[in-house]
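Next come the chains, spelled out residue by residue.
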Amino acid sequence: MEPRESWAALAAGGVAGVCVDLILFPLDTVKTRLQSPQGFRKAGGFRGIYAGVPSTAIGSFPNAAVFFITYENVKSMLHHGSTSYLTPATHMVAASLGEVVACLIRVPSEVVKQRAQVSPSSSTLRILSHTLYHEIPFSLVQFPLWESLKDLWSWKQGHVVDSWQSAVCGAFAGGFAAAVTTPLDVAKTRIMLAKAGSSNASGNVLAALGGIWRTQGLSGLFAGVVPRMAAISLGGFIFLGTYEKTRQLLL
């Protein structure tokens, strides 16, 4: 990638991250409280649904910016000499590496935000590993699907998709990825909100999933799936649409 393209990805990603996080913050608060072991009402209900928004706003720009500059650069490097059938794998690798870099910024602000939303206590280093367990599978589904939908739409209409079309593809990709990764999101939330000495305090994702299955069954594993899908579908529309539009303007 040329320096101008890298800077465009950096700035566009940051702008998109701030926009989507601030717009969708209340839905994320509701989702977090639905997944809390305390229950929705005891975790705060609809009170203070903007609690934790300052830490989110501070972390949004650099988090999304470093994700996209990593994603675009890795994608550009891997595309050289690769065949078309390896394209989804290229997007998976690029998205995974982007998430690893972005999580170094995201996790501290995420801890502050969730503590404000539900008032728990937890360890930042422990949360980093489990956030990666959750975020990487999500991106492995979302980004290859987003890129494939854009390619398909471009092929159907005979030219590259517009930013609004990219946003629609982002909504579908985000909603699907949100649905299939909800159990991991529930487990991550339980671990992040675990009190010292509790069964989830060890941070074992599989143990957390097993415990939820035994006590709450399938409904527990998919707790908050509707607001999660709604938020991430809308988020995918805003985030990826804003990214594409801003990047086009900067280039």
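Just above sits the structure.
Figured I'd write up the structure that's included with this text. This structure is a prediction, so every number in the text was calculated from the model and none was measured.

Let us look at the overall build of the chain. Each helix and strand counted, the chain has eight helices and zero strands in total. Considering only contacts within the chain whose residues lie at least 6 apart along the sequence, 77% involve residues at least 24 apart. Roughly 11700 Å² of accessible area belongs to the chain as shown, and the carbon and sulfur atoms make up 69% of that amount.

Attention shifts here to the layout of surface pockets. Roughly 230 Å³ of volume is contained in the largest pocket. Where the lining of the largest pocket is concerned, the elements lending two or more residues are α2 (53–79), α4 (124–157), α5 (163–180) and α8 (225–250). It is α4 that contributes the most residues to the lining of the largest pocket, five residues altogether.

Moving on, we come to the nonpolar core. Core analysis: the biggest nonpolar cluster contains 22 residues, and Phe-68, Tyr-71, Phe-143 and Phe-239 have the highest contact counts within it. Elements supplying a minimum of two residues to this core: α1 (3–35), α2, α3 (87–118), α4, α5 and α8. Looking at this core element by element, the count peaks at six residues for α2. Sequence-distant contacts of Phe-143, that is, excluding residues within four places in its chain, are made with Phe-67, Phe-68, Tyr-71, Ala-95 and Leu-240. The next biggest cluster of nonpolar side chains, apart from the first, holds nine residues, and it includes Val-205, Ala-208, Leu-209 and Ile-212.

Further remarks concern the packing of α5 against α8. Where α5 contacts α8, the two axes come as close as 7 Å, and the packing angle between them is 150°. Overall, the two elements α5 and α8 adopt an arrangement that is roughly antiparallel. For the crossing formed where α5 meets α8, the hand is right-handed. Contacts between α5 and α8 involve Ser-163, Trp-164, Ser-166, Ala-167, Val-168, Gly-170, Ala-171, Gly-174, Gly-175, Ala-177, Ala-178 and Ala-179 on the former and, on the latter, Val-225, Arg-228, Met-229, Ile-232, Ser-233, Gly-236, Phe-237, Leu-240, Gly-241, Glu-244, Lys-245 and Gln-248. Residue composition of the contact of α5 with α8, by class: 12 nonpolar, nine polar and three charged.

The next thing to look at is a nonpolar patch on the surface. Taken together, Leu-78, Val-93 and Leu-97 make up a surface patch of nonpolar side chains, about 220 Å² in accessible area. Relative accessible area serves as the criterion here: at 41%, Leu-97 is assigned to the partly exposed category.

On to the packing of aromatic side chains, then. Under the criterion given, the structure shown has 12 aromatic pairs. With centroids separated by 5.3 Å and ring planes inclined at 45°, the aromatic side chains of Phe-68 and Phe-239 adopt a geometry described as tilted. Pair noted here: Phe-68 is in helix α2 and Phe-239 is in helix α8, with a separation of 171 residues, a long-range link. Given the relative accessible area of 16%, Phe-239 is considered buried. An aromatic cluster is defined as three or more aromatic residues linked by ring pairs; in this entry it consists of Phe-67, Phe-68, Tyr-71, Phe-143, Trp-146, Phe-239 and Tyr-243. In this structure, Lys-150 is placed above the aromatic ring of Trp-146, and the distance from its NZ or CZ to the ring centre is 3.8 Å.

Under the counting rule described, the total for this entry stands at five salt bridges. Glu-147 serves as the salt-bridge partner of Lys-150, at 3.5 Å between the closest nitrogen and oxygen. Of the two residues, Lys-150 and Glu-147 both sit in helix α4, three residues apart, roughly one turn of that helix. The pair Lys-150 / Glu-147 is uniform in exposure class, with both members buried.

Definitions and limits used
Residues numbered from 1 in each chain as written. Predicted model: local features only at pLDDT ≥ 70, side-chain atom pairs only at ≥ 80, totals over all residues. Heavy atoms only, no water. Helix = DSSP H or I, 4+ residues; strand = E, 2+ residues; numbered from the N terminus. Contact = heavy atoms within 4.5 Å. Areas by Shrake-Rupley, 256 points an atom, 1.4 Å probe, with all protein chains shown as cover. 1 Å grid on protein atoms, 1.4 Å probe; cavity = no way out; pocket = protein on both sides within 12 Å on 5 of 7 lines; lining within 4 Å. Points joined across faces, edges and corners; volume = space filled by probe spheres on them. Core = buried A, V, L, I, M, F, W, Y, C linked by side-chain atoms within 4.5 Å. Buried < 20%, exposed > 50% of the residue type's maximum accessible area, 1.4 Å probe, protein only. Axes fitted to C-alpha atoms, helices over the stretch in contact; angles between N-to-C directions. Parallel < 35°, antiparallel > 145°, perpendicular 65-115°, else oblique. Left-handed = near helix turned anticlockwise from the far one by under 90°. Nonpolar A, V, L, I, M, F, W, Y, C, P; charged D, E, K, R; others polar. Patch = residues over 30% accessible without salt bridge, like charges linked within 9 Å, V, L, I, M, F, W, Y side chains within 5 Å. Salt bridge = Lys/Arg side-chain N within 4 Å of Asp/Glu carboxyl O. Phe/Tyr/Trp six-rings, centres within 6.5 Å; stacked < 30°, edge-to-face > 60°. Lys NZ or Arg CZ within 6 Å of the ring centre and 35° of its normal.

Keep in mind these values describe shape, not function.
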